[in-house]
Amino acid sequence: MMEQRGSGTPAGAIEKAPSKVGEMSEERVIRALLDAFPTAVTDYKKLKAGVLRARIERRELYRCCQFLRERLGFEHVSMISAVEYDDRFEIVYHITCYGSCLLLELITQTPKDDPSVDSVSSVWGGANWQERESFDLMGIKFNNHPKLERILLPSDYLYHPLRKDFKG
Amino acid sequence: MGPQHPMTHGLWNLRIKVDGETIVDAEPEMGYLHRGIEKLCENRTYTQIIPLADRLCYGSSLTWSHLYCLTVEDLMGLEVPERAEYIRVAAIEMQRIASHLMWLAAYAADLGTLAGFIYTMRDREVFIDLLQALSGSRLTYNFPRIGGVAHDVPPNFERDSLRACTYMEKKLDEYDQLFEGSKVFMMRNEGVGILKKELAMNLGVTGPPLRASGVNYDLRKDQPYSVYPELDFQAISMPDADCYARYKVRMDEMRESCKIIRQAVQKMPKGKWRIVAPRNGPVGTGIGRVEDPRGEGMMYVVGNGTPKPYRLKIRSPIFVTVSAAKQMLVGYKVADVVAIMGGLDMCIGEADR
């Protein structure tokens, strides 16, 4: 059961799902994802306790994120990172579930000549600025983003400095 | 407001649209301190990045170099000696207190309690001195190493730490009287900047502002790293979701940090404090997550078998938290901006990277 945490708060004022992973284990998340997206989810794996990884096809990303938030309770997107490889871009979403304390590493990839994915900022508001940052530094285009502009660099800057072909 | 406005505590700009005195729209502007640290890391070896990670945040540099070492250890699959873990935990909790005290100093000065600024800065020195005895420097420590810490604790460290904790706990009660007895401070805090629980979760707010919105999520408890599972402490949260709740959460966290330091220095086992780490990182990825004083700090590293990381992504808690500024500010008066934005504990070094 939930123990009383915090000081000076009335009992029962803070509700929170008991932070035991038993509620929704790594295997159950993977099974739910596979049931919903049988062909799009590949390469799933449990990395360590509470952390799992899956790959998703680019065209299903938005629906998958909606599914994760509404059905599986992943309320918080921790980090969105874009990585450039020789033949592709990978966009890595680290998504947290506050209830069961799971961390899901969701990877999607785009070809070099078309670095664009659907924006998930309408699913998680916290993704908004992180997507803008990936656009700014890596040049990934997020479709349907409410305001896809540079955020860290000046708006008249021409390059995407985190790309490997950028020479300072 | 900004980038030169005294309430910003760093270089950032806040554009607000007002209707009379009421805020109708707000947008923060970042990027004044962008140094391209993620790009710099790609041209440094794994060990050379530790001092660079310190420079991410001037307020709590130790948590960032600790997070970096944690991430690279995850990539390399290293087991850190237990003594090193206890030294790290004691050090990062001291850093948490020092960071919260620096926030409190700035916040108190913003809200017109200038005595609070002097008191908290004075007491922060106690912990800065302890960290100086431990690592040799006052602000950017370069103390954690991949596979342990740089050196063992200095003589009498346990005695001094216990003394500092007792001193701090006494002072915290004094602060409570000072701030909660101040009518001005309470009037500018209570019921200001309310951020509802669902909104806070959706907007990616983490750390004390999230816990002040009634979500009891602390990575030290809920996804424990290091030796936190063996220590007895509480995760603090408050249901009120206003500026006063954020203040209260941080004050109680400092009390919990004192408890953690006390246990960590007493439980510290004998043994090695560092193992040798390989020079080259393997091909693969590693992640690290810690509860920074400002929220959820996270790093993602991609290794390609060379001595340099292929890609290092840094997740800054404040960068995401400040994107929720609009939802916190709209509907309040211009004079409340200082309390609301000050209550987030802005650190531009890590937000702009």
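Just so it is clear, the structure is predicted and the values come from calculations on it, not from any experiment.

S.K.: Hey, could you run me through the overall build of chain A in this one?
M.R.: Looking only at helices and strands, one finds three helices and seven strands in chain A. In sequence order, the secondary structure elements of chain A are arranged as α-β-β-α-β-β-β-β-α-β. Every one of the 168 residues in chain A was classed for burial, and the buried ones make up 39%. Nonlocal contacts in chain A, meaning residues at least 24 apart in sequence, comprise 48% of its contacts between residues at least 6 apart.

S.K.: How should the interface of chain B and chain A be read in this particular structure?
M.R.: Many descriptions give the size of an interface as the accessible area lost when the pieces come together. Listed by partner, the interface residues are 35 residues for chain B and 31 residues for chain A. Elements that contribute at least two residues to the side of chain B that touches chain A include exactly α1 (37–41), α8 (197–202), β6 (295–304), β7 (311–315) and α12 (317–321) of chain B. When residues in the side of chain B that touches chain A are grouped by element, the largest group, four residues, is from β6(B).

S.K.: What is the right way to look at the environment of Thr113(B) in this model?
M.R.: Residues and elements named next belong to chain B. Mapped onto the elements, threonine 113 comes out in the loop between α4 (82–110) and α5 (114–135). A count of 20 C-beta atoms within 10 Å places threonine 113 in the buried class. A C-alpha to C-alpha distance of 34 Å links threonine 113 and glutamate 158, two positions 45 residues apart in sequence. The residues touching threonine 113, leaving out its near neighbours within four places in the chain, are Ala108, Phe179, Ser182 and Phe185.

S.K.: How do you make sense of the packing of α4(B) against α5(B) when you look at a structure like this?
M.R.: To describe two helices that pack against each other, one gives the angle between their axes and the distance between the axes. All names here are of chain B. At a closest axis distance of 8 Å, the pairing of α4 and α5 adopts a crossing angle of 160 degrees. Here α5 runs roughly antiparallel to α4, going by the angle between their axes. As for the relative orientation of α4 and α5, their crossing is left-handed in sense. Touching Ala91, Met94, Gln95, Ile97, Ala98, Leu101, Met102, Leu104, Ala105, Ala108 and Ala109 of α4 are Leu114, Gly116, Phe117, Thr120, Met121, Asp123, Arg124, Phe127, Ile128, Leu130, Leu131 and Leu134, all from α5. Counted by class, the contact of α4 with α5 contains 18 nonpolar, three polar and two charged residues.

S.K.: When you look at the environment of Asp123(B) in this model, what are you seeing that I'm missing?
M.R.: Residues and elements named next belong to chain B. Here aspartate 123 shows up in helix α5. Overall, the presence of 23 C-beta atoms within 10 Å leaves aspartate 123 in the buried class. Along the backbone, aspartate 123 and lysine 171 are 48 residues apart, and their C-alpha atoms lie at a distance of 8.1 Å. In this view, aspartate 123 contacts Leu101, Met168 and Lys171; residues no more than four positions away in its chain are not counted.

S.K.: Explain the sheet that holds β7(B) here, please?
M.R.: What links the strands of a sheet is backbone hydrogen bonding, and the strands pair in either a parallel or an antiparallel sense. Residue and element names in this part refer to chain B. Read across the open sheet, the three strands follow the order β5-β6-β7; overall the sheet is antiparallel. Bordering the open sheet on either side are β5 (283–292) and β7, each of which pairs with just one other strand. Pairwise comparison of adjacent strand axes, ignoring direction, gives a mean angle of 10 degrees for this sheet. Pairing between β6 and β7: five bridges, direction antiparallel. Across the sheet, residue methionine 299 finds its bridge partner in β7, namely isoleucine 314.

S.K.: What exactly am I supposed to notice about the pairing of β5(B) here?
M.R.: It is a general feature of regular strands that their side chains alternate between the two faces of the sheet. Of all 10 residues that make up β5(B), eight are buried, and the element is covered over most of its length. Count of turn residues in the β5(B)/β6(B) antiparallel hairpin: two residues.

S.K.: In this structure, what is going on with the packing of α4(B) against helix α11 (residues 243–267) of chain B? I would like to understand it.
M.R.: All names here are of chain B. At a minimum axis distance of 9 Å, the contact between α4 and α11 shows a crossing angle of 155 degrees. By the criterion of interaxial angle, the relationship of α4 to α11 is roughly antiparallel. The way α4 lies across α11 gives a crossing that is left-handed. Contact with α4, carried on its side by Tyr86, Val89, Ala90, Glu93, Met94, Arg96, Ile97, His100 and Trp103, involves Arg250, Glu253, Met254, Ser257, Ile260, Ile261, Ala264, Val265 and Lys267 of α11 and no other residues of that element. Tallied by class, the residues present in the contact of α4 with α11 amount to 11 nonpolar, two polar and five charged.

S.K.: Got a minute to help me understand unusual backbone geometry in this structure?
M.R.: Generally, phi is negative for residues other than glycine and the peptide bonds are trans, each holding for most cases. Residue and element names in this part refer to chain B. Positive phi values are uncommon outside glycine, yet asparagine 142 reaches one of about 50 degrees. With respect to the helices and strands, the residue asparagine 142 is situated in the loop between α5 and β3 (144–145). We classify asparagine 142 as partly exposed; it has 18 C-beta atoms within 10 Å. One non-glycine residue, asparagine 156, adopts positive backbone phi at about 65 degrees. Relative to the elements of secondary structure, asparagine 156 occurs in the loop between β4 (148–149) and α6 (157–180).

S.K.: How should I be thinking about the sheet that holds strand β1 (residues 41–48) of chain A in this particular structure?
M.R.: All names here are of chain A. The strand order across the open sheet built from five strands is β1-β2-β5-β4-β3, with neighbouring strands paired in mixed fashion. Only two strands of the sheet have a single partner each, and these edge strands are β1 and β3 (76–84). Shown here is a sheet whose adjacent strand axes are inclined to one another by a mean of 20 degrees, direction ignored.

Each value, and the rule that gives it
Residues numbered from 1 in each chain as written. Chains lettered and ligands numbered in written order. Predicted model: local features only at pLDDT ≥ 70, side-chain atom pairs only at ≥ 80, totals over all residues. Helix = DSSP H or I, 4+ residues; strand = E, 2+ residues; numbered from the N terminus. Buried ≥ 20, exposed ≤ 12 C-beta atoms within 10 Å, placed from the backbone. Contact = placed C-beta atoms within 7 Å. Axes fitted to C-alpha atoms, helices over the stretch in contact; angles between N-to-C directions. Parallel < 35°, antiparallel > 145°, perpendicular 65-115°, else oblique. Left-handed = near helix turned anticlockwise from the far one by under 90°. Nonpolar A, V, L, I, M, F, W, Y, C, P; charged D, E, K, R; others polar. Pairing = 2+ DSSP bridges.

Worth remembering: the numbers are spatial, not functional.
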